[in-house]
Structures are given as structure tokens and as C-alpha cells.
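# Notes for the structure review
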Amino acid sequence: MVERKPDGRFACELVINGDVRADAPAALGRKLFEEGAASEVVPVYVGQPAPGRRAGDLVEVATLVVTSAGTLVAVIDTIRGWLTGERNSRSGSATSGSASSGNGTGAAGGTGGVTSITVIMGDDRVEIIQPSTAAEERLVEAFVRRHSPS
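This report concerns the structure included in the present document. (Residues numbered from 1 in each chain as written. Predicted model: local features only at pLDDT ≥ 70, side-chain atom pairs only at ≥ 80, totals over all residues. Heavy atoms only, no water.)

## Details of the overall build of the chain
- Scanning the chain from N- to C-terminus turns up 3 helices and 8 strands.
- Reading the chain from its N terminus to its C terminus gives the helix and strand order β-β-β-α-β-β-β-α-β-β-α.
- Put simply, 61% of the contacts in the chain that link residues at least 6 apart link residues at least 24 apart.
- Of the accessible surface of the chain, which amounts to about 7400 Å², a share of 53% is contributed by carbon and sulfur atoms. (Helix = DSSP H or I, 4+ residues; strand = E, 2+ residues; numbered from the N terminus. Contact = heavy atoms within 4.5 Å. Areas by Shrake-Rupley, 256 points an atom, 1.4 Å probe, with all protein chains shown as cover.)

## Brief notes about helix H1 (residues 24–34)
- Where H1 is concerned, the buried positions are Ala24, Pro25, Ala27, Leu28, Gly29 and Leu32.
- Downstream of H1 by a residue or two, Gly36 has a phi angle that is positive, lying close to 75°. (Buried < 20%, exposed > 50% of the residue type's maximum accessible area, 1.4 Å probe, protein only.)

## What about the environment of Ala11?
- As for its position among the elements, Ala11 is in strand S2 (residues 10–18).
- Taking the C-alpha atoms as reference points, Ala11 and Gly122, separated by 111 residues in sequence, lie 9.7 Å from one another.

## What about the pattern of salt bridges?
- Per the stated rule, a full pass over the model turns up 5 salt bridges.
- In this structure, Arg21 engages Asp23 in a salt bridge whose closest nitrogen and oxygen atoms are separated by 3.9 Å.
- Here Arg21 falls in the buried class, since its relative accessible area comes to 12%.
- A relative accessible area of 38% means that Asp23 is categorised as partly exposed.
- Two residues, Asp77 and Arg80, come together in a salt bridge whose shortest N-O distance is 3.8 Å. Of this pair, Asp77 and Arg80 both sit in helix H2 (residues 72–96), 3 residues apart, which is roughly one turn of the helix.
- According to the relative accessible area criterion, Asp77 is partly exposed, its value standing at 43%.
- Residue classification places Arg80 among the buried positions, given a relative accessible area of 17%. (Salt bridge = Lys/Arg side-chain N within 4 Å of Asp/Glu carboxyl O.)

## A short note on the pairing of strand S7 (residues 114–121)
- By the criterion of burial, S7 is predominantly enclosed, with 7 of the 8 residues buried.
- Of the pairings in the sheet, the one linking S2 to S7 comprises 6 bridges and is antiparallel in character. Directly across from Gly18, in S7, lies its bridge partner Val114.
- Note that S7 and strand S8 (residues 124–128) share 5 bridges and pair antiparallel. Bridged to Ile117 within S8 is Ile128.
- Where S7 folds back on S8, the antiparallel hairpin that results is connected by 2 residues, among which Gly122 adopts a positive phi of roughly 65°. (Pairing = 2+ DSSP bridges.)

## Details of unusual backbone geometry
- Between Gln130 and the following residue, Pro131, the backbone shows a cis peptide bond with an omega angle of 0°.
- With respect to the helices, strands and loops of the structure, Pro131 is situated in the loop between S8 and helix H3 (134–147).

## Re the side chain of Thr118
- Considering the arrangement of structural elements, one finds Thr118 in strand S7.
- Excluding its chain neighbours within four sequence positions, the residues that come into contact with Thr118 are Glu13, Leu14, Val15, Asn17, Arg125, Val126 and Glu127.

## A look at the environment of Thr118
- For Thr118, a relative accessible area of 10% corresponds to the buried category.
- A polar atom in the side chain of Thr118 sits 3.0 Å from the side chain of Asn17. (Polar contact = N/O pair within 3.5 Å; in protein donor to acceptor, adjacent residues only side chain to side chain.)

Structure follows, in C-alpha cells:
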């Protein structure tokens, strides 16, 4: 979904991938607001794991629709920072034995957790992984160029 508005705002869809704690969408939404990257964040789909899969407070799919008056770069930079914090929290919980990362994204025992976030605009998508390889960086840069006003 991509929606460019006359005032320059845009909307995109964010799909949170991995073992996503139920509170992860809200945590990412708060981060997007705090960083000024989003003016509106709406959860559109949160699905529970299939029967026989993990139980507890993990969700299988979490999707947010983000409206921003800023730039796509600001949204992506915020996602990268959030993923870095999530990864660092998982590492810390593995050594401390904590069952939660504090930002709603780590899994119990320091394993699992959010692995990436897919940004979707129209029929185009890019997966944000942090840390990313040079090839992944080039894909993100090309995505931003395609969806930034000229």
C-alpha cells in the first residue's frame, strides 16, 4: 500500500517478521512517534501462532500501517534503530536470563525475536535487516529512491 497525499505525507505498511511478542507492534509504533517518523500508526493484523507451534505471548504476523509527514528515510532509520535495540536486548537477556527485552520484541531465553521488518509501498517491498550487508543496503537505497518525491 502506498498513498501519497497532496501535503507530502505518505502511508506504508510494515510487516514485523520473526518470533514477535504481542507487544512488539505497539513498541515499534511508540518508537516511530518518539522519533517523529510517523504521525499515525495503526495495527492492521496480528495473528496468533498456528496450533502446535509456540504458545504464550508470541504472534505469528504483526502488520502496521504507518502514515508519515516526514521522509521514508526517517521511517527506515527508526526501524533500523529499533531492530538494533531489539537485537541488543536479546543479547542482554541471554546473559541475564531475562524473559523479555523490555521493548516488546525479544523472546524468552534470548532466542528468537524480531528478525526483520518488511516495508511495503504499493507492489514494492524491501526487507530491513539490522545489521545489514552492503547488498541489502543497496536494495534499501534503491527502494527509497523509487518512493521519494523527485
